[in-house]
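Structure assessment
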Amino acid sequence: MTQAVLEVRGIVKHFQTRGGAIARAVNGVSFDLAKGETLGLIGESGCGKSTLARVLARLDTPDTGEVLLDGNDIGRIGNRAMKPIRRRIQMIFQDAVSSLNPRATAGAAVAEPLKLHRVVPRNKVKDRVAELFEAVGLPVGLMSRYPHEMSGGQCQRLSIARAISLDPDIIIADEAVSALDVSIKAQVINLLMDVQTRLGLSYVFITHDMALVGVLSHRIAVMYLGRFVEVGDADAIIRRPMHPYSQALIAASPIPDPDRPRTQALPIKGELPSPIKPPSGCTFHPRCPLAQARCKSEVPELRTTGEARQVACHFA
Ligand SMILES: Nc1ncnc2c1ncn2[C@@H]1O[C@H](COP(=O)(O)OP(=O)(O)OP(=O)(O)O)[C@@H](O)[C@H]1O
Ligand SMILES: [Mg+2]
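Let us look at the structure shown here.

Conventions and cut-offs
- Residues numbered from 1 in each chain as written.
- Chains lettered and ligands numbered in written order.
- Predicted model: local features only at pLDDT ≥ 70, side-chain atom pairs only at ≥ 80, totals over all residues.
- Heavy atoms only, no water.
- Near = heavy atom within 4 Å.
- Polar contact = N/O pair within 3.5 Å; in protein donor to acceptor, adjacent residues only side chain to side chain.
- Helix = DSSP H or I, 4+ residues; strand = E, 2+ residues; numbered from the N terminus.
- Nonpolar A, V, L, I, M, F, W, Y, C, P; charged D, E, K, R; others polar.
- Core = buried A, V, L, I, M, F, W, Y, C linked by side-chain atoms within 4.5 Å.
- Buried < 20%, exposed > 50% of the residue type's maximum accessible area, 1.4 Å probe, protein only.
- Contact = heavy atoms within 4.5 Å.
- Axes fitted to C-alpha atoms, helices over the stretch in contact; angles between N-to-C directions.
- Parallel < 35°, antiparallel > 145°, perpendicular 65-115°, else oblique.
- Left-handed = near helix turned anticlockwise from the far one by under 90°.

1. A closer look at the site of ligand 1
The environment of ligand 1 is made up of Phe15, Ala25, Glu44, Ser45, Gly46, Cys47, Gly48, Lys49, Ser50, Thr51, His208 and Pro275. Contact between ligand 1 and Gly48: an oxygen atom at 3.1 Å from a main-chain N or O atom of the residue. Between His208 and ligand 1, the recorded distance is 3.4 Å, taken from a side-chain N or O atom to an oxygen atom. With three residues, helix α1 (residues 49–56) is the single largest residue contributor to the shell around ligand 1. Residues that form the shell around ligand 1 fall into these classes: four nonpolar, six polar and two charged.

Below, the structure is given as C-alpha cells:
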C-alpha cells in the first residue's frame, strides 16, 4: 500500500447553535489519503462535508481527532507553527469570485502567496506569476484585471493558480466546479486532473455530481450525518454500492453509463435529520428500507468487507 500523505483519525466537530443546541456536524471521521490520489466526498446537503473540509485544510480545528500530515498532527497546532505547513494543504471553493480579494488584480492575487511564503526571490515573482498563468491556461494579458472583470471559469483558474503557487501536496476542492457552466466545468476539471498528474497532488473532491465524482475519483467516501457510511474504489461503489444510503444516492442520480446494471431504485424516504438531534443507533435507520430493530439501538462500525471496501451497515 502506498504511503498516506494525510491520515485522518476520528475527527469530531460540533457547533453550538444560537439556541444553545449542539449540531454534530462531523461525528468521527477517519480515512487515509495517498499521494496522487483523489478521494471524492459525496452526501446530501448538511451532512458535514464542508465542515470536514475546513478541518482538513486547518481553517478550523477539530474538537477531537487528529489530522496527520506525514505523520505529524496539524489538528491543533498554533498559527505560527502552522505557517510553513499551511502551504502544503490548499483549499478551493465554489464561489471563486468572492473567495478572491476584489481589490487585487489577478496578477497580484497570484503574487501574494508567493511573497507571503517566500516561495521565490522577490525579483523572480513576476516571472513565476506568468508561469502560473500559463500553467492554468489564463492569458497573461489578464494579469491587470480585477476578479469582477473576469468570468467564473477564469476566476476558478486563478484560484487554482494561487493554490498551486505554493507547491502543495493536497488540494481540498469544495464544490469547486459546481457553479460553472457545463463546458467551462469540463475545462476546469481537465485542468485539475492535468495539474494533479503534473504535480503529483492529492485531492479531496467534494461534489453533488455523481457522474463527475466517478470520473474524477480513485476512491469515494459517502457521508451521512457527520460520518462516512461507505468508502471504497470509485468504480466499484458507483457500479455496486453496498450501503443502502449509497444505493439510494446513486440510484437517484443520472449516470450516463449504459454498462451500469440497473439496480432497483431505492427512494430515500424523508429528509436528512437534523445533526442537532440525530437518530439513535444507525442514524440512517428512519429512512432505510432494510432497517430492523437492531439498527435503532446499535451504531454500525465502518468495517472492511471484501476488496478494500468499508461499509457501516449491520446488513450490507
Ligand atoms: N458555524 C456553524 N455553526 C453552527 N452550525 C454549523 C456551522 N457550520 C456548519 N453547521 C451545521 O453543520 C452541519 C453540516 O454543515 P456543512 O456545511 O458541513 O454541510 P455540507 O455537507 O457542506 O452541506 P452542503 O452540501 O449544503 O454544502 C449543518 O447542519 C450545518 O447547519
Ligand atoms: Mg458544503
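Now that the structure has been shown, we can carry on.
2. Considering the nonpolar core
Counting residues in each nonpolar core, the largest one holds 49 residues, and the members touching the most others are Leu6, Phe31, Leu52, Ile172 and Phe228. Top element by residues in this core is strand β9 (residues 219–224). It accounts for five residues. Look past the residues within four positions of Leu6 in its chain and what remains in contact with it is Phe31, Asp32, Leu33, Leu56, Val67, Leu68, Leu69, Ile89 and Ile170. One finds Val136, Cys155, Ala161 and Val177 within the second-largest nonpolar core, a separate group that totals 39 residues.

3. Overview of the environment of Ile89
By the element assignment, Ile89 lies in strand β6 (residues 89–92). Judged by relative accessible area, Ile89 falls into the buried class, the value being 4%. Sequence separation of Ile89 and Ile164 is 75 residues, and the distance between their C-alpha atoms is 9.9 Å. Setting aside anything within four residues of it in sequence, one finds Ile89 in contact with Leu6, Leu56, Ala57, Leu69, Ile74, Ile170 and Ile172.

4. Quick notes on the packing of helix α4 (residues 106–116) against helix α6 (residues 152–165)
Two numbers describe how α4 lies on α6: the axes approach to 8 Å, and their chain directions differ by 20°. When the axis of α4 is compared with that of α6, the two are roughly parallel. Handedness of the α4/α6 crossing: right-handed. Taken together, the residues of α6 that come into contact with α4 (itself represented by Ala106, Ala109, Val110, Glu112, Pro113 and Leu114) are Leu158, Ala161, Arg162 and Ser165. Of the residues belonging to the contact of α4 with α6, the class tally is seven nonpolar, one polar and two charged.

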